[in-house]
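Close look at the chain arrangement
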Amino acid sequence: MAHPYRFPFCPHCREQVVPDTQACPSCGRALDGLRKEGEGDELSLHPLSHSRWQKISLGLDSQGRLIGKATTGMFVAFVLTSWLFYLNTPDPTDTLVFVFSTIGLFSAYDVWAFTHGKPTSITIYGHYEAIPSNTIARVLGLLMDLAMMAACVWVLLSKL
């Protein structure tokens with residue numbers, strides 16, 4: 001049972017906030033509708049609620065942010081290096097390399113956005129904000145982005 005003296009919760013990240021504040025100190029979003037502990041929880045619960053995936057998706061996990069930066073940085077470096085080698089091949093006119101490189105770089109951005117709590121854009125269903133209720137869709141989008149990055153690596157390595 002919720003105690004009446006407890007602080008309300010942020011509707012975006014579910015962290016406790018001080019009443020009468022303009023923005024959540026945890027996620028930084030404007031507080032338009034505060035709720036007491038336990039209010040509306042039955043609607044926002046899903047299999048990844050309160051998991052590490054949710055923390056990474058919201059950008060609250062420092063190790064997740066580090067992995068996101070490293071993955072994105074290494075992939076961008078790989079694509080640029082591959083392009084340098086590909087342009088020195090006898091016939092660098094394959095459009096498949098350009099298409100997969102572009103898709104791979106957009107996917108790399110989405111990996112970075114996922115781990116930093118930013119909206120992701122390359123998903124089947126559209127543009128997803130970093131809020132707890134979008135965690136499942138964002139994780140599925142992350143898996144799709146990683147698959148596209150792997151396909152890009154495969155295409156680039158096969159053309160060198």
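None of the values given here were measured: they were computed from a predicted structure. (Residues numbered from 1 in each chain as written. Predicted model: local features only at pLDDT ≥ 70, side-chain atom pairs only at ≥ 80, totals over all residues. Heavy atoms only, no water.)

1. Focus: the overall build of the protein
Along the backbone of the protein there are five helices and zero strands. Listing every helix and strand of the protein by position from the N terminus yields α-α-α-α-α. Taken over 160 residues, the protein has a buried fraction of 35%. When contacts within the protein are restricted to residue pairs at least 6 apart in sequence, those whose partners lie at least 24 apart make up 54%. Summed over all atoms, the accessible surface of the protein reaches about 9700 Å², with 66% contributed by carbon and sulfur. (Helix = DSSP H or I, 4+ residues; strand = E, 2+ residues; numbered from the N terminus. Buried < 20%, exposed > 50% of the residue type's maximum accessible area, 1.4 Å probe, protein only. Contact = heavy atoms within 4.5 Å. Areas by Shrake-Rupley, 256 points an atom, 1.4 Å probe, with all protein chains shown as cover.)

2. Here's the deal with the nonpolar core
The nonpolar side chains of soluble globular proteins are, as a tendency, buried together. The biggest cluster of nonpolar side chains holds 15 residues, and the ones touching the most others in it are Phe-75, Val-79, Val-97, Phe-114, Met-149, Cys-152 and Leu-156. At the level of secondary structure, the elements contributing two or more residues to this core comprise helix 3 (62-87), helix 4 (95-115) and helix 5 (135-159). No other element matches helix 5, which puts six residues into this core. Of all hydrophobic cores here, the second largest spans five residues; its members include Cys-10, Val-17, Cys-24 and Leu-31. (Core = buried A, V, L, I, M, F, W, Y, C linked by side-chain atoms within 4.5 Å.)

3. Some thoughts on the pattern of salt bridges
The full count for this structure, using the stated rule, is two salt bridges. With a closest N to O distance of 3.1 Å, Asp-61 and Arg-52 form a salt bridge. The salt bridge involving Asp-94 is made with Lys-159; its shortest N-O contact spans 2.7 Å. Of this pair, Asp-94 sits in the loop between helix 3 and helix 4 while Lys-159 sits in helix 5, placing them 65 residues apart in sequence. By relative accessible area, Asp-94 is classed as partly exposed at 26%. (Salt bridge = Lys/Arg side-chain N within 4 Å of Asp/Glu carboxyl O.)

4. What to know about the environment of Ser-51
By the element assignment, Ser-51 lies in the loop between helix 1 (41-44) and helix 2 (52-57). In the structure, Ser-51 is positioned 84 residues away from Thr-135 in sequence and 9.8 Å away in space, judged by C-alpha atoms. Here the side chain of Ser-51 touches Trp-53 through a polar contact of 3.4 Å, landing on its backbone nitrogen. (Polar contact = N/O pair within 3.5 Å; in protein donor to acceptor, adjacent residues only side chain to side chain.)

5. Focus: the packing of helix 4 against helix 5
In a pair of packed helices, the angle between the axes and the distance between the axes together describe the arrangement. Orientation of helix 4 relative to helix 5, taken along the N-to-C sense of each, is 145°, at an axis distance of 8 Å. In this structure, helix 4 crosses over helix 5, and the sense of that crossing is left-handed. Here Leu-96, Val-97, Phe-100, Ser-101, Ile-103, Gly-104, Ser-107, Ala-108, Asp-110, Val-111, Ala-113 and Phe-114 of helix 4 come into contact with helix 5, specifically with Arg-138, Val-139, Leu-142, Asp-145, Leu-146, Met-148, Met-149, Ala-151, Cys-152, Val-155, Leu-156 and Lys-159. Classifying every residue of the contact of helix 4 with helix 5 gives 17 nonpolar, three polar and four charged. (Axes fitted to C-alpha atoms, helices over the stretch in contact; angles between N-to-C directions. Left-handed = near helix turned anticlockwise from the far one by under 90°. Nonpolar A, V, L, I, M, F, W, Y, C, P; charged D, E, K, R; others polar.)

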